[in-house]
Amino acid sequence: EAAAVEVAAVMKAVQQVVGWANTRGINLGLRFHPFESSEFIAQAKSQFETNVVKVIDWVADGVELILASDAVLSQHSSVAVESLALNVPLVELDFDHTSVLESMAGRGAAFQLTNADELDKLIDICSGKLQLSTTVLNEWKLKMAGECDGRSTDRAVEVITRLL
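Residues numbered from 1 in each chain as written. Predicted model: local features only at pLDDT ≥ 70, side-chain atom pairs only at ≥ 80, totals over all residues. Heavy atoms only, no water.

## Things to note about the packing of aromatic side chains
Part 1 of the argument: Under the criterion given, the structure shown has two aromatic pairs.
Part 2 of the argument: Pairing F32 with F40 gives two aromatic rings, centres 5.1 Å apart and planes at 85 degrees, and the pair type is edge-to-face.
Part 3 of the argument: Residue class for F40 comes out buried when judged on its relative accessible area of 17%.
Part 4 of the argument: We classify F32 as buried; its relative accessible area is 14%.
Part 5 of the argument: Members of the aromatic cluster, connected to one another through ring pairs, are F32, F40 and F48. (Phe/Tyr/Trp six-rings, centres within 6.5 Å; stacked < 30°, edge-to-face > 60°. Buried < 20%, exposed > 50% of the residue type's maximum accessible area, 1.4 Å probe, protein only.)

Have a look at this one:
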């Protein structure tokens, strides 16, 4: 039951971001967790896709998608860590104030949006008008990110595969 509540909260936040992007005509790509079912992806495409919002359903190198992005919106995940390692601004979405397990925004390494009314900040983040401290980001990367080559997910999958 707790997992269902979590999924509902995440999907509500996604719907709010999609509505914001549609209203402003801003291109938005949605890539859900790679373990999501094809049925889930089909439902997401049906629910969210518009002329400016696309659900990315093909298997793509996460690094390529990150590098092609002006910002990454996420909760705590390997993609979030990789975006910081690749110097792509990270924006944590925490509209329900419970979804971010370990906030990087609290450490000064990411931006944080806590409600849909703050979504316009994305424009300033993507344009570079809003920036985080380079010193804080570099200290965080040195301490937390390890190798900053954009391949942390690949290394994690390799280790997990060997363990299985």
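## So, the pairing of strand β4 (residues 90-93)
Part 1 of the argument: On β4, burial covers both faces: L90 and E92 on one face and V91 and L93 on the other are all buried.
Part 2 of the argument: Judged from the three bridges that link them, strand β3 (residues 72-74) and β4 form a sheet pairing that is parallel. From the neighbouring strand, V72 faces β4, where its bridge partner is L90.
Part 3 of the argument: For β4 and strand β5 (residues 111-113), the ladder comprises three bridges, and the chain directions are parallel. Across the sheet, E92 pairs through a bridge with Q112, a residue of β5. (Helix = DSSP H or I, 4+ residues; strand = E, 2+ residues; numbered from the N terminus. Pairing = 2+ DSSP bridges.)

## Here we look at the pattern of salt bridges
Part 1 of the argument: Here the structure, examined in full by the defined rule, presents two salt bridges.
Part 2 of the argument: A salt bridge links R24 to D120, with the shortest nitrogen-to-oxygen separation between them at 2.6 Å. Taken together, the residues span a long stretch of sequence, with R24 in helix α1 (residues 2-24) and D120 in the loop between β5 and α5 (121-127) at a distance of 96 residues.
Part 3 of the argument: On the basis of relative accessibility, which here comes to 37%, the residue D120 falls in the partly exposed class.
Part 4 of the argument: The salt bridge partner of E118 is K121, with a shortest N-O separation of 3.6 Å.
Part 5 of the argument: Of the residues examined, K121 reaches a relative accessible area of 37% and is grouped as partly exposed. (Salt bridge = Lys/Arg side-chain N within 4 Å of Asp/Glu carboxyl O.)

## Concerning the nonpolar core
Part 1 of the argument: Membership of the largest hydrophobic core comes to 26 residues, with the highest contact counts inside it found for L30, F32 and F48.
Part 2 of the argument: Among the secondary structure elements, those contributing two or more residues to this core are α1, β1 (28-30), α2 (38-48), β2 (53-55), β4, β5 and α5.
Part 3 of the argument: Sorting elements by how many residues they give to this core places α1 first, with seven residues.
Part 4 of the argument: When sequence neighbours within four positions are dropped, the list of residues in contact with L30 reads V14, V18, F48, V53, K54, V55 and I56. (Core = buried A, V, L, I, M, F, W, Y, C linked by side-chain atoms within 4.5 Å. Contact = heavy atoms within 4.5 Å.)

## Quick word on α2
An α-helical segment advances 3.6 residues per turn. Residues three or four places apart therefore align on the same side.
Part 1 of the argument: Of the residues making up α2, those classed as buried are F40, I41, A44 and F48. Projected onto a plane normal to the axis of α2, the buried residues spread over an arc of 95 degrees and lie on a single side. Facing away from the buried side of α2 by over 90 degrees, the exposed positions are S38, E39 and S46. (Arc of directions from axis to C-beta.)

## Some points on unusual backbone geometry
Part 1 of the argument: Its identity as a non-glycine residue notwithstanding, N87 has a phi of 60 degrees, on the positive side.
Part 2 of the argument: Its place among the elements puts N87 in the loop between α4 (78-85) and β4.

## Some words on the sheet that holds β4
The strands making up a sheet are joined through hydrogen bonds of the backbone, oriented either antiparallel or parallel.
Part 1 of the argument: Pairing is parallel in the open sheet, where three strands are placed in the order β3-β4-β5. The sheet is open, and its two edges are formed by β3 and β5, each paired on a single side. Adjacent strand axes in the sheet meet at a mean angle of 30 degrees, parallel and antiparallel pairs treated alike. (Axes fitted to C-alpha atoms, helices over the stretch in contact; angles between N-to-C directions.)

So, to be careful, I would describe these as geometric facts and stop short of saying anything about function.
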